[in-house]
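Architecture and fold: a report
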Amino acid sequence: MRVTKRTNIAIRVLMYCAMNDDRLVTKHEIAERCNASENHLAQVVHQLAQLGYLRTQRGRHGGLGLARPAREIQIGAVFRALEAPVPIAECFADTDNTCPLKEGCRLRTALTDAIETFFAHLDEITLDALVCDNPRLEALLAPAACR
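What comes next is a walk through the structure. (Residues numbered from 1 in each chain as written. Predicted model: local features only at pLDDT ≥ 70, side-chain atom pairs only at ≥ 80, totals over all residues. Heavy atoms only, no water.)

So, the packing of helix α1 (residues 5–19) against helix α4 (residues 75–83)
Between α1 and α4, whose axes approach to 10 Å, the crossing angle comes to 145 degrees. As α1 packs across α4, the resulting crossing turns out to be right-handed. Each of Arg6, Thr7, Ala10, Ile11 and Leu14 in α1 lies in contact with α4, whose residues at this interface are Ile75, Val78, Phe79, Leu82 and Glu83. Taken together, the residues of the contact of α1 with α4 break down into 7 nonpolar, 1 polar and 2 charged. (Axes fitted to C-alpha atoms, helices over the stretch in contact; angles between N-to-C directions. Helix = DSSP H or I, 4+ residues; strand = E, 2+ residues; numbered from the N terminus. Left-handed = near helix turned anticlockwise from the far one by under 90°. Contact = heavy atoms within 4.5 Å. Nonpolar A, V, L, I, M, F, W, Y, C, P; charged D, E, K, R; others polar.)

Rendered as structure tokens:
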């Protein structure tokens with residue numbers, strides 16, 4: 001399974017916000033620290049806010065932060081929300097499924113089981129488990145003025 005760029009950026013955004021939970025952060029600062037384009041990041045931030053993972057504040061002193069504590073954010077739920085619309089193989093697509101084997105192929109069942117195992121494992125991991133007591137990550141995600 002390959003994780004989409006959107007999900008990869010989303011996890012970076014959540015980790016950055018968790019590491020800087022004492023203040024609102026800006027999209028520009030996240031883009032700079034997490035090596036992502038601001039345009040792509042803006043789309044991801046919007047989706048994470050719609051899903052209830054981020055809170056955003058407009059204006060001169062605006063920015064974004066976690067909408068709930070990091071210990072309450074399951075990584076599996078984030079992956080499901082962002083990856084679920086992407087079919088892992090042609091036979092998972094509602095449209096454009098031209099596989100001639102779909103009626104007798106057991107691969108779809110095996111892949112479904114594997115994906116569920118993947119998500120179940122990620123469900124056991126919370127955002128705080130990724131960031132807490134992680135000095136190497138803290139050094140990487142510290143604001144530029146603190147490095």
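From this point, things continue past the structure.
Overview of the packing of aromatic side chains
Scanning the model with the defined rule gives 2 aromatic pairs in all. With a centroid separation of 6.0 Å and an interplanar angle of 70 degrees, the aromatic rings of Phe79 and Phe118 are classed as edge-to-face. Here Phe79 is found in helix α4, whereas its partner Phe118 is found in helix α5 (residues 107–123), with 39 residues between them in sequence. Judged by its relative accessible area of 28%, Phe118 is partly exposed. Through pairs of rings, three or more aromatic residues link up here, namely Phe79, Phe118 and Phe119. (Phe/Tyr/Trp six-rings, centres within 6.5 Å; stacked < 30°, edge-to-face > 60°. Buried < 20%, exposed > 50% of the residue type's maximum accessible area, 1.4 Å probe, protein only.)

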